[in-house]
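# Observations on the model geometry
What follows is the residue order along each chain.
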Amino acid sequence: MNRSEVLFERAGKVIPGGVNSPVRAFQAVGGKPRFIASAGGAKMTDADGNVYLDFVGSWGPMILGHSHPAVTEAAVKAAERGLSFGASCEAEVEMAELVCGFVPSVELVRMVNSGTEAVMSALRVARGYTGRDKIVKFEGCYHGHCDSMLVKAGSGVMTGGVPDSAGVPEGCAADTLTAGYNDLESVKKLFAQFPGQIAAVIVEPVAANMGVVTPEEGFLTGLRRICTEEKALLIFDEVITGFRLGLTGAQGYYGVTPDLTTFGKIIGAGMPVGAYGGRREIMEMVAPLGRVYQAGTLSGNPVAMAAGIAGLHILKGDPGIYEKVNRMGDSFRKELKNLVERFQAPCQVTGVGSLSCLFFTKEPVRDYVSAKTSDTEAFGRYFRHMLGRGIYVAPSQFEALFLSAAHTKEDMDRTLSAAEDYFKGQGGSL
């Protein structure tokens with residue numbers, strides 16, 4: 001066995017499934033997971049010394065590439081001053097000022113430790129502010145593993161949620177209503193069915209957890225209009241899109257203003273960080289100002305804040321970074337579509353900016369139902385082919401491909417060449 005296999009075997013004896021996050025187990029694609037030893041720029045090296053061109057980027061935050069010198073230096077210097085204080089520090093103030101300064105809809109922001117915690121807290125604030133209990137989410141949108149968000153549609157979008165995980169009481173899911181992404185009528189029906197009971201609508205403005213599904217024209221503005229009319233809050237889950245599509249996130253990219261926004265580890269340059277924020281009057285509901293309680297010993301951790309501040313300053317100081325990664329994403333999708341058309345492959349290429357996805361389905365993808373028509377076995381063959389060529393894409397059909405400023409044209413050409421070989425038949429039949 002190689003070292004990754006030895007580590008996986010050891011891990012299986014002390015960690016459920018041998019992994020600390022399910023997708024890492026490679027169950028959706030076959031084979032054994034690679035254990036990563038180091039990363040730099042656009043590449044990762046596993047425990048056996050194999051080098052991979054990385055398109056996962058720690059699931060999004062590594063927009064500058066791995067181990068950016070300025071970010072690493074900031075984190076090391078902060079660590080030398082203390083790993084954690086459990087008390088306020090200047091860095092968390094500077095981070096909050098940066099987030100509020102970049103994102104116009106955020107007037108007050110609270111730091112937490114993950115995207116899941118950010119979503120959980122934002123939902124609590126929405127309920128506390130509105131005095132209502134029900135939440136509308138969209139089928140196929142992932143908002144972390146808090147109980148109320150681990151639901152899928154029951155018998156259609158008019159029903160309440162059904163727990164999608166063992167260990168989640170039905171009561172936790174009873175107030176979660178599920179609508180169809182890119183389907184405003186399904187949202188209107190829920191408000192009609194539960195008048196005056198819906199606290200908020202939460203949405204990934206770009207659905208990047210069922211592959212990458214972009215909002216159709218009018219969808220996000222329609223949600224804004226419905227929420228305003230119904231006196232419910234609109235929550236944008238920008239754990240993926242925040243500071244990736246641009247400094248103002250998807251809300252700036254699409255010109256739609258939510259009431260609350262959640263952010264993830266990109267604001268910590270990849271360290272365990274999250275945040276939620278919004279209008280002042282709403283966020284003033286949060287303790288110690290208001291009656292919505294939320295706390296965390298590690299929130300605003302000085303090392304994570306230092307790394308994130310360094311990363312955000314780099315993004316602020318060089319607008320060309322977003323221009324580069326978004327242009328590279330556009331070009332990559334265009335060339336990948338050309339390959340799909342040339343080989344008449346039953347695939348769809350989707351994405352926006354530096355987020356892309358190759359769906360193995362003949363059907364155009366606009367929501368969870370159409371995404372689920374994908375041939376996951378074909379994707380597994382494609383994944384293994386790419387991995388064998390030293391290209392590490394997400395080990396699941398329903399995840400995004402992330403570009404970073406560290407990727408080069410040569411990297412993209414190499415990736416497209418490997419994909420072309422797959423379509424020619426070297427990676428197995430489609």
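Residues numbered from 1 in each chain as written. Predicted model: local features only at pLDDT ≥ 70, side-chain atom pairs only at ≥ 80, totals over all residues. Heavy atoms only, no water.

## Notes on the sheet that holds strand β3 (residues 51–54)
- Taken in spatial order, the 4 strands of this open sheet run β1-β2-β3-β15, and their pairing is mixed. Because the sheet does not close on itself, it has two edges, and the strands there are β1 (36–40) and β15 (391–392).
- Across 3 bridges, strand β2 (residues 43–46) lies against β3 in antiparallel orientation. What sits directly across from T45, in β3, is V51. (Pairing = 2+ DSSP bridges. Helix = DSSP H or I, 4+ residues; strand = E, 2+ residues; numbered from the N terminus.)

## Some words on unusual backbone geometry
- Cis peptide bonds are those with omega within 30 degrees of zero, and the linkage from A287 to P288 qualifies with 15°.
- By secondary structure assignment, the location of P288 is in the loop between α9 (280–283) and α10 (302–317).
- Phi is positive for S58, which is not a glycine, with a value near 55°.
- Position of S58 relative to the elements: it lies in the loop between β3 and α2 (69–81).
- Looking at S58, the relative accessible area reads 29%, which means it is partly exposed.
- You will see that K231, though not glycine, has its phi angle at about 55°, which is positive.
- As for its position among the elements, K231 is in the loop between α7 (219–230) and β10 (233–237). (Buried < 20%, exposed > 50% of the residue type's maximum accessible area, 1.4 Å probe, protein only.)

## Some points on the nonpolar core
- By size, the foremost hydrophobic cluster in this structure holds 41 residues, and its most contacted members are F138, Y181 and L223.
- Secondary structure elements with two or more residues in this core: β5 (134–138), β8 (176–179), α6 (184–193), β9 (198–203), α7, β10 and β14 (355–359).
- By residue number, the principal contributor to this core is α7, which donates 5 residues.
- Formed by 38 residues, the second largest nonpolar core is a distinct cluster that contains A74, L312, I321 and Y322. (Core = buried A, V, L, I, M, F, W, Y, C linked by side-chain atoms within 4.5 Å.)

## Comments concerning the pairing of strand β13 (residues 348–352)
- For β13, the buried fraction is high: 4 of the 5 residues fall into the buried class.
- Counted between consecutive antiparallel strands, the loop separating β13 from β14 contains 2 residues, among which G353 sits at a positive phi close to 55°.

## Describing the side chain of R132
- Inspection of the secondary structure puts R132 in the loop between α4 (115–130) and β5.
- With no salt bridge to any partner, buried R132 finds its closest opposite charge in E230, at an N-O distance of 5.9 Å.
- At 3.4 Å, the side chain of R132 forms a polar contact with the backbone oxygen of G196.
- Here K231 takes part through its backbone oxygen, which lies 3.4 Å from a polar atom of the side chain of R132.
- Every residue in contact with R132, bar those within four places of it in the chain, is listed here: R127, G196, Q197, I198, A199, E230, K231 and A232. (Lys, Arg positive; Asp, Glu negative; His and termini not counted. Salt bridge = Lys/Arg side-chain N within 4 Å of Asp/Glu carboxyl O. Polar contact = N/O pair within 3.5 Å; in protein donor to acceptor, adjacent residues only side chain to side chain. Contact = heavy atoms within 4.5 Å.)

## Quick look at α4
- Taking 1.5 Å as the rise per residue, α4 with 16 residues should run 22 Å; its terminal C-alpha atoms sit 22 Å apart, in good agreement.
- Taken as a whole, α4 has its buried residues at G115, T116, E117, A118, V119, S121, A122, L123, V125 and A126. (Expected span 1.5 Å × (residues − 1).)

## Here we look at the packing of aromatic side chains
- Taken as a whole, this structure holds 17 aromatic pairs when the rule is applied.
- Centre to centre, the rings of F379 and Y382 are 6.2 Å apart; their planes meet at 50°, and the pair counts as tilted. Placement of the pair is F379 and Y382 together in helix α13 (residues 376–388), with a separation of 3 residues, close to one helical turn. A single burial state applies to F379 and to Y382, both of which are buried.
- Members of the aromatic cluster, joined through ring pairs, are F343, F360, F379, Y382, Y422 and F423. (Phe/Tyr/Trp six-rings, centres within 6.5 Å; stacked < 30°, edge-to-face > 60°.)

## What to know about the packing of α6 against α7
- Interhelical geometry of α6 versus α7 gives an angle of 15° and a closest axis separation of 10 Å. In terms of orientation, α6 and α7 fall into the roughly parallel class. You can see that α6 and α7 cross each other, and the crossing is right-handed. Two secondary-structure elements touch here, α6 through L184, V187, K188 and F191 and α7 through F219, G222, L223, R225, I226 and E230. (Axes fitted to C-alpha atoms, helices over the stretch in contact; angles between N-to-C directions. Parallel < 35°, antiparallel > 145°, perpendicular 65-115°, else oblique. Left-handed = near helix turned anticlockwise from the far one by under 90°.)

## Some remarks on the confidence of the model for the chain
- Mean pLDDT for the chain: 93, with 95% of residues reaching 70 or above.
- For residues 153–162, every residue scores under 50 in pLDDT, and the model assigns this stretch 26 contacts once sequence neighbours within four places are set aside. (pLDDT = per-residue confidence, 0-100.)

## Some remarks on the sheet that holds β13
- The 3 strands are arranged β13-β14-β16 in an open sheet whose pairing can be described as antiparallel. Each edge of the open sheet is held by one strand with a lone partner, namely β13 and β16 (401–402).
- Pairing analysis gives 5 bridges linking β13 to β14, with the strands arranged antiparallel. Paired with V349 across the two strands is L358, which belongs to β14.
- Here helix α11 (residues 320–342) sits on the sheet in contact with β13, β14 and β16, set at roughly 175° to β13.

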